[in-house]
Number of protein chains: 2
Amino acid sequence: MTGRGAVDCELCREDGGELVLRTPAWRLVHVRDAAYPGFFRVIWNDHVAEFTDLQPAQRSQCMQAVAKVEQVLRETLRPDKINLAALGNMVPHLHWHVVARFAWDPHFPQPIWAAAQRAPDLAAIEALQPALTSALQRLSHLSE
Amino acid sequence: MTGRGAVDCELCREDGGELVLRTPAWRLVHVRDAAYPGFFRVIWNDHVAEFTDLQPAQRSQCMQAVAKVEQVLRETLRPDKINLAALGNMVPHLHWHVVARFAWDPHFPQPIWAAAQRAPDLAAIEALQPALTSALQRLSHLSE
């Protein structure tokens, strides 16, 4: 249980990815997706479904976290674009996808949820590893 | 030209949908998508690509707008979920998709960018029209 939550909710039961940082209100996880090394999620710890289920100060706190993650990913990974999304149709527990997108990634310029356009570029992913290590180090030290 | 912008950017040249409300900093448009009557976009007027290209106060202003739109859609359309996304891979001018999702819509519970799972439910869409009229009326009177 990672926050006041719903018993059947996987984001109440589990971290929801490789835990990078936990703060009292939210946590940051690295998504285990070999094709998307720069795919992270900011997960609100308490179980709320919608962004507007948060109070205004909480929304601000949540988006400051999202912005900090975006900023670190831009500075370290130098992506072609950042994608932000709070969907939650299948897991209605507020989580923000923060995805570093690259022109060589499998779906670019389509959303990552569309049909893949190409295979993962293993050489490009490998070349990104030092920057990803730097990103993870910086992200693990974000303050709330 | 709808803001200080890039000459070749369609969101600098055009409203980007059916204009519902324009404020000095952002505008709200209703997306012309027959299958998604509750699909809106909050578009930042000036040409910036990423959320973190905004100053912190602007980010707050932007997300307050997104939250107000979400709240009106929740209260009027009673969707099963709200989806929020800032992608911009193809049009890198900051815009937030705010989408009222329904269990009967073509892609639910998948993102709207995934493969469709069913045809639009024309009866459900028709039944939503009075609530949509109410939503549009309230959204056109949002204050910044």
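Keep in mind the model is a prediction, meaning the values are calculated, not measured.

Participant: An account of the packing of helix H2 (residues 56-77) of chain A against helix H4 (residues 129-139) of chain A is requested, with residue identities and associated values reported.
Facilitator: Residues and elements named next belong to chain A. In contact at an axis separation of 9 Å, H2 and H4 are set at 150° when each is read in the N-to-C sense. Judged by the inter-axis angle, H2 sits roughly antiparallel to H4. Here H2 and H4 pass one another in a crossing that is right-handed. Between H2, through Val69, Val72, Leu73, Glu75, Thr76 and Leu77, and H4, the contact on the second element is made entirely by Ala131, Leu132, Ser134, Ala135, Arg138 and Leu139.

Participant: Provide a residue-level description of the environment of Val72 of chain A, including the pertinent values.
Facilitator: Residues and elements named next belong to chain A. By secondary structure assignment, the location of Val72 is in helix H2. Remark: the alpha-carbon pair of Val72 and Ala135, spanning 63 residues in sequence, is separated by 6.4 Å. Setting aside its immediate chain neighbours within four residues, Val72 contacts Leu77, Ala135, Arg138, Leu139 and Leu142.

Participant: Can you break down the nonpolar core residue by residue, with the values?
Facilitator: Among the nonpolar cores identified, the biggest contains 68 residues, and Trp96 of chain A together with Trp96 of chain B are the most heavily contacted of them. Leaving out residues up to four positions away in the same chain, Trp96 of chain A has contacts with Phe40, Arg41, Val42, Phe51, Cys62, Met63, Val66, Ala85 and Ala86 of chain A together with Met63, Leu84 and Trp96 of chain B. Core analysis: the next-biggest nonpolar cluster, separate from the first, contains eleven residues, Ala35, Tyr36, Val99 and Trp113 of chain A among them.

Participant: Any chance you could break down the packing of aromatic side chains for me, citing the residues and the numbers?
Facilitator: Under the defined criterion, the tally for this structure stands at six aromatic pairs over all chains. An angle of 10° between the planes, with centres 4.8 Å apart, marks the rings of Phe102 of chain A and Trp104 of chain A as stacked. Judged by its relative accessible area of 5%, Phe102 of chain A falls in the buried class. The class of Trp104 of chain A is partly exposed, set by a relative accessible area of 21%. The structure contains a cluster of three or more aromatic residues connected by ring pairs, namely Phe51 and Trp96 of chain A together with Phe51 and Trp96 of chain B.

Participant: Any details on the sheet that holds strand S4 (residues 81-86) of chain B? Residues and values, ideally.
Facilitator: Spatially, ten strands are ordered S1(A)-S2(A)-S3(A)-S5(A)-S4(A)-S4(B)-S5(B)-S3(B)-S2(B)-S1(B) in an open sheet, and the strand pairing comes out antiparallel. Each edge of the open sheet carries a strand with a single partner, namely strand S1 (18-22) of chain A together with strand S1 (18-22) of chain B. Sheet twist, expressed as the mean angle between neighbouring strand axes with direction ignored, is 20°.

Participant: Before we move on, could you go through the confidence of the model for chain A and cite the residues and values that matter?
Facilitator: Of the residues in chain A, 96% reach a pLDDT of 70 or more, and the chain-wide mean stands at 95. Here the predicted complex scores 0.96 on pTM and 0.96 on ipTM.

Participant: Please provide a residue-by-residue account of the relation of the copies chain B and chain A, values included.
Facilitator: Here chain B sits on chain A after a turn of 180° about the axis and a move of 0.0 Å along it, with an RMSD of 0.0 Å. Such a combination of turn and shift is consistent with a two-fold rotation axis. Most of the interface of chain B is mirrored in chain A: 100% of its interface residues are interface residues there too.

About the criteria used
- Residues numbered from 1 in each chain as written.
- Chains lettered and ligands numbered in written order.
- Predicted model: local features only at pLDDT ≥ 70, side-chain atom pairs only at ≥ 80, totals over all residues.
- Heavy atoms only, no water.
- Axes fitted to C-alpha atoms, helices over the stretch in contact; angles between N-to-C directions.
- Helix = DSSP H or I, 4+ residues; strand = E, 2+ residues; numbered from the N terminus.
- Parallel < 35°, antiparallel > 145°, perpendicular 65-115°, else oblique.
- Left-handed = near helix turned anticlockwise from the far one by under 90°.
- Contact = heavy atoms within 4.5 Å.
- Core = buried A, V, L, I, M, F, W, Y, C linked by side-chain atoms within 4.5 Å.
- Buried < 20%, exposed > 50% of the residue type's maximum accessible area, 1.4 Å probe, protein only.
- Phe/Tyr/Trp six-rings, centres within 6.5 Å; stacked < 30°, edge-to-face > 60°.
- Pairing = 2+ DSSP bridges.
- pLDDT = per-residue confidence, 0-100.
- Least-squares fit on C-alpha atoms with pLDDT ≥ 70 in both.

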